[in-house]
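# Fold and contact review
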Amino acid sequence: MVFCANPSFAQDNLPYTDSTTFFKFLESKEEIPSLKFRYKITNPNPSNDLLNDSTLNFEKDELGIYQSQAFEKFSSWYSAGEKYLLKEEVMLTPDFLIYEEPSNLSAARDYVDNLWRNKDIFINEKKPEVGDVLVILANMVPYEPMFKYRFQFFSDYKLLLVTSIIGFFLIMAIVMILYMIFIKMRSSKVEAKEKIYESQIIGPLSELLFEKTEEEINNLSDAEIFEFFPEKDLRGKHFKHVLINKIISLNKKMKGDFKDKLKALYKKFKLDEISIKKLKSKRWDVITTGLVQINEMDLVEALPQVQELTDSSNFYIRSHAIATLLNLSENVDLKTIKKQSFPLSRWQQMNYLRIIKYLHIQKTIQIETLFEGENQTIRLFAYKLVGLLGRVDLLEKLSKLAPNVSDIEKIEILKTYQMIGVHTESTFINKCLRSDNINLVVAAAKASGQVGDQASAFILIELLNENPSFNLKMIYLDSILRLDKSMYQQFVSTSNDKELNQINAHLLDPLLQHV
Amino acid sequence: MYNFLFYLLLEVLGVFFLILSFTVIVIYFVTMIMSALELRDHLRRNRFADYQDIITSPIAPGVSIIAPAYNEAQNIVQNAKSLMSLHYGKFEVIIVNDGSKDNTLEKLIEAFELEKTNYAYNYQIDCKTVRGVYKSRNESFSKLIIVDKKNGGKADALNAGINISSQEIIACIDVDCILSHESLTRMVRPFMEETNRKVIAVGGVIGIANNCDVQDGMVTKYRIPTSLLGRFQVIEYFRAFLMGRMAWTRINGLMLISGAFGFFNRELVLAVGGYFPKTVGEDMELVVRMRRYMEEKDIPYKVGFVPDPLCWTEVPEDEVVLSRQRNRWIRGTIETLQLHQKVRFNPKYGVMGMLSYPYWSLFEKSAPIIELLGLLYTIILILIGDFSAFYFIALYAMLYLLSLLVTSFSILYEQIAFNNYKEKDDLKNLIFTVLVEPFLIHPKIVLWGLKGHLDFIKGKGGWGQMIRTGFKKSEDRKKFEAETNS
Amino acid sequence: MKKILIIEDDLLISSLVQFRLKKDGYETLLVQDGNEGTKAIDSFNPDLIITDVMIPFKNGIEIIHYARKSKPDTPIIVLSSLGEEEKIVLEAFNLGVADFIPKPFNPNELAIRVKRIFR
């Protein structure tokens with residue numbers, strides 16, 4: 001943290017201020033590394049007992065000054081000179097050796113200062129004595145802000161980061177696990193409950209279905225119903241949910257009068273209200289479930305609401321809404337599809353085709369309304385329907401609009417012609433064969449094999465002479481072979497194109513006829 | 001001076017690893033949440049899908065199944081039979097005999113009364129010489145086409161199959177895969193659902209068939225493998241498919257579709273030039289190239305993914321075989337990323353450029369290296385007595401717990417969504433595997449990954465130049481083929 | 001009293017069938033999967049077997065195979081949502097089942113067919 005970016009400055013305050021406190025400090029330390037204590041005689045006339053003192057052991061140095069021997073311990077040095085120092089007459093001066101170099105007091109202080117700053121020496125721990133010594137000691141302790149200890153944890157960013165990640169991780173993990181356990185428990189509880197309900201439902205339901213006619217079911221009073229199913233259950237949400245599922249799944253697997261009876265029961269139990277209420281939900285899957293139920297149980301009264309959902313932005317809602325509408329409305333009206341602004345996916349097309357195919361048996365369907373569909377996918381679907389349902393009556397309309405639509409639509413129309421086998425449209429086909437759009441040419445070439453005329457064959461030969469790609473050659477040749485065998489043989493026999501020969505062999509191989 | 005540099009490096013690496021770990025954690029959580037959401041949506045959508053309809057509807061697209069076979073004589077007939085019995089309306093089964101040294105072709109000819117045809121084979125995508133195309137006279141085998149070609153590897157065999165395929169969608173699969181009857185209907189659905197985007201490819205989940213009961217090409221009883229290495233792969237596959245790929249699908253960032261079970265739009269595969277046989281990671285490379293193509297042409301597109309368990313395969317439980325597989329995977333990843341460097345951090349390539357590619361480079365490709373560095377770093381910290389070693393050990397402990405959490409969740413997803421492994425003991429064993437896997441198996445995976453890196457560095461063969469510069473455009477792959485084959 | 005074994009995993013359907021057949025005075029046993037089914041063929045010793053094609057553990061074909069071996073004279077009715085043209089159904093016919101009833105079906109119709117088989 002910022003407060004202590006450089007901790008070495010913290011020991012800035014020296015524990016001594018003058019020479020007295022300095023000596024006090026030295027006394028407390030007793031020893032200082034590489035510092036030795038001695039005396040030198042400053043008095044020009046030293047006394048004899050001083051010079052002969054055996055502990056101090058003075059000797060003259062090269063400058064002629066008497067120097068005592070050096071002591072490592074402060075106490076022994078001090079006691080050796082004590083008696084001379086106490087005399088009034090100044091006889092001795094303290095002197096020092098730093099790394100064996102003679103040094104005076106100020107040099108020694110500088111040296112100790114440095115050691116202190118570099119934290120090489122500390123104040124020895126000792127029980128503070130009472131009184132002023134304590135104050136001195138307190139002065140000696142360098143100042144440090146208290147919060148350094150309190151916030152040391154935060155001062156290390158790595159530790160902080162790791163801990164917060166761990167914390168985040170743990171909380172997330174716990175939340176997720178609890179959530180999962182909650183979901184699992186809830187679903188297993190619901191499952192168990194539903195199993196019980198299911199077993200409760202089967203018996204009475206079978207009885208109702210086999211013993212009662214549809215009319216009798218319709219005339220059942222509430223009290224009679226409660227004889228079969230307890231009122232308490234029938235009001236429960238889960239019970240109703242199970243009942244809905246069971247009736248719908250039975251409805252799918254049953255035939256004839258059972259279907260009608262099931263539908264009557266559905267309404268008798270007021271389950272239709274639940275299904276219709278689902279349409280108001282915010283969740284798309286709930287709405288779609290509602291739609292499926294309405295569709296299965298023929299809940300015609302919900303159709304206005306279903307109609308509103310046909311342009312939903314959710315793919316599932318709108319495709320099921322339309323499917324329901326197609327299935328249930330009296331007069332099958334494709335206008336809802338026609339007005340769709342969303343493109344039709346193939347999945348939707350498949351669903352609608354199934355329904356339309358089914359309805360087609362009973363009623364005539366105005367497929368031609370889709371020819372003017374809002375977007376291209378709808379128009380393409382309409383052309384496809386003509387072929388798939390074999391609506392020959394619509395060909396006239398198709399042939400009128402065919403020359404004026406886009407190439408993609410032309411391709412689809414060509415496929416329709418090919419599918420139904422319309423032999424009257426060769427002019428259109430031949431025109432498409434001359435197109436610049438290669439996709440359209442390919443579609444026309446394929447169609448011409450089935451429904452072209454002599455002119456188509458000539459155009460195809462022309463196209464072949466332009467030396468197209470391998471794939472195109474194959475398509476063109478195949479169509480010529482279907483159109484006019486003698487023309488084909490003549491063309492192949494006069495050609496020495498190696499690829500053509502290969503394709504010829506392929507087309508004539510009976511094993512490959514179905515490829 | 002050097003002393004200073006050393007400590008600086010330690011400091012920088014420390015921060016790097018911290019950021020990296022934090023990223024890993026965030027990614028894990030995001031992945032878990034996204035995959036859960038995607039799985040939920042998928043299950044909801046599944047409720048409203050009538051798959052029976054696809055089988056017979058004339059609007060459903062046709063599928064060409066392409067299965068390369070190399071020395072598969074033992075099971076090829078059974079495999080072909082089960083492929084032909086899939087529940088679908090319009091489909092063909094193309095088995096490409098990639099120059100097998102055993103009697104794969106003979107077995108097929110005998111079992112299905114095949115005859116050589118005069119098929120006019122068109123090499124739209126370059127591949128090794130096709131020696132013959134076989135079909136059966138017997139009507140009940142009319143779906144079957146056999147291509148016999150010179151050996152050229154899996155990608156080359158697939159290309160040979162793509163050339164001959166005639167349907168809108170191609171399904172590239174391993175011939176020994178066990179496919180569920182429903183696999184085609186379910187995999188085709190994403191292709192049919194989109195309206196505004198083109199679906200270029202759809203991937204599926206691979207299940208592990210080791211130790212499962214298989215009858216007539218169908219898994220009848222699911223059991224987890226007996227060996228630790230096999231079980232490890234079960235949870236690894238859960239993690240990869242139910243978590244990783246589900247999450248990527250949610251943001252349309254999927255870059256890899258398993259070579260064992262992938263569906264593609266045929267026209268697009270042809271447009272980009274098919275598989276690239278020079279790389280060992282041909283499955284990933286193709287998806288990346290197809291995505292690039294769509295981005296470069298600016299066509300909205302989607303790569304789909306179906307999490308339903310549809311395809312089951314035997315995985316290697318032998319350490320040597322598995323190490324080779326992992327070595328290949330990592331080399332494939334490096335090569336693919338190298339070939340498509342242009343995508344890296346390129347906003348033009350959308351999600352792929354800004355998210356998928358960087359993710360793959362940092363985590364899938366470099367993971368073994370980073371993990372090794374992290375380990376060395378911690379050891380050094382301990383040796384020099386640095387106190388931060390403690391943090392790193394704590395960090396590892398945390399990552400371990402996180403991996404436990406993630407793996408347990410992927411198992412939970414499987415249990416909630418599909419519940420294939422019903423035995424209590426299986427679940428217990430899986431959880432045990434989850435606990436020991438980071439210590440017993442993971443180091444080996446890292447080691448094999450590192451070897452893959454080494455092999456990549458050593459093995460830059462004749463196409464070193466190409467791998468250094470990469471494809472400038474997605475369509476460069478065609479150019480490259482022309483150059484090397486001439 | 002004639003004994004009828006019903007092998008069907010959809011509890012609702014099978015219960016309905018059971019309910020209907022009991023009304024006609026048959027003794028019925030309901031099992032929900034293939035393993036139970038083969039066991040019941042031996043222990044229950046039915047006079048008629050009604051089975052679905054798609055059931056857990058064993059498919060209907062295996063059940064039919066088993067019944068043919070163990071009780072060659074017991075007639076079998078196949079109940080299935082698969083169309084008659086499905087391969088698996090054709091296989092069932094080849095194995096000589098007495099009747100095939102496609103779903104959706106009418107339980108009353110099933111009862112009539114059962115009666116006809118026993119006549």
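Position numbers for residues count from 1 along each chain, tracking the sequence in the order it is written. Ligands are numbered from 1 and chains lettered from A, in the order in which they are written. Local features in this predicted model are restricted to residues whose pLDDT is 70 or higher, and side-chain atom pairs enter the listing and the counts only when it is 80 or higher, whereas totals over whole chains, interfaces and linings include all residues.

## Quick notes on the sheet that holds strand β4 (residues 76-80) of chain C
Residue and element names in this part refer to chain C.
- We treat two strands as partners when DSSP finds at least two bridges between them. Helix and strand definitions follow DSSP, with helices as H or I runs of at least four residues and strands as E runs of at least two, each counted in order from the N terminus. Taken together, five strands build an open sheet; the order of strands is β2-β1-β3-β4-β5 and the sheet is parallel. Looking along the sheet, the strands with just one partner apiece sit at the ends: β2 (27-31) and β5 (99-102). Averaged over neighbouring strand pairs, the angle between their axes works out to 15° when direction is ignored.
- Here, residue contact means that the backbone-derived C-beta atoms of the two residues sit within 7 Å. All axes here are fitted lines through C-alpha atoms, helices being fitted over the stretch that makes contact, and every angle between N-to-C directions spans 0 to 180 degrees. Helix-sheet contacts for helix α2 (residues 34-43) involve β1 (3-7), β2 and β3 (48-52), and the interaxial angle to β2 is about 150°.
- Helix α5 (residues 107-118) contacts β3, β4 and β5 of the sheet and is inclined by roughly 180° relative to β5.

## Section: the interface of chain B and chain A
- Contacts between the two partners involve 39 residues from chain B, matched on the other side by 37 residues from chain A.
- Only α1 (2-47), α2 (51-56), α6 (183-193) and α13 (389-417) of chain B provide two or more residues apiece to the side of chain B that touches chain A.
- Top element by residues in the side of chain B that touches chain A is α1 of chain B. It accounts for eight residues.
- Its residues placed into classes, the side of chain B that touches chain A shows 19 nonpolar, 10 polar and 10 charged. Residues are sorted three ways: Asp, Glu, Lys and Arg are charged, Ala, Val, Leu, Ile, Met, Phe, Trp, Tyr, Cys and Pro are nonpolar, and all the rest, Gly among them, are polar.

## Looking at the packing of helix α14 (residues 271-278) of chain A against helix α15 (residues 284-296) of chain A
Residues and elements named next belong to chain A.
- Interaxial distance between α14 and α15 falls to 7 Å at its minimum, and their mutual angle equals 140°. Between α14 and α15, the angle is such that the two are oblique. Every pair of crossing elements has a handedness; the one defined by α14 and α15 is left-handed. Within the contact between the two elements, α14 uses S275, I276 and K278 and α15 uses V286, I287, T289, G290, Q293 and I294.
- Its residues assigned to classes, the contact of α14 with α15 shows four nonpolar, four polar and one charged. Working definition: roughly parallel below 35 degrees, roughly antiparallel above 145 degrees, roughly perpendicular at 65 to 115 degrees, and oblique for all remaining angles. For a crossing to be left-handed, the near helix must be turned anticlockwise from the far one by less than a right angle; the clockwise case is right-handed.

## Some remarks on the packing of helix α17 (residues 315-328) of chain A against helix α19 (residues 346-360) of chain A
Residues and elements named next belong to chain A.
- Look at α17 against α19: their axes get within 10 Å of each other, and the N-to-C directions meet at 5°. Taken together, the axes of α17 and α19 are roughly parallel relative to one another. From α17, S319, I322, A323, L326 and N327 reach across to α19, where they touch Q348, N351, Y352, I355, I356 and L359.
- Here the residues of the contact of α17 with α19 are counted per class, giving seven nonpolar, four polar and no charged.

## Considerations on the environment of L108 of chain B
All names here are of chain B.
- As for its placement among the helices and strands, L108 is situated in helix α4 (residues 104-112).
- What makes L108 buried here is the crowd of 23 C-beta atoms within 10 Å.
- Sequence separation between L108 and I235 is 127 residues, and the spatial gap between their C-alpha atoms is 36 Å. Counts of 20 or more other C-beta atoms within 10 Å of a residue's own C-beta define buried residues, counts of 12 or fewer define exposed ones, and intermediate counts define partly exposed ones; C-beta atoms are placed from the backbone.

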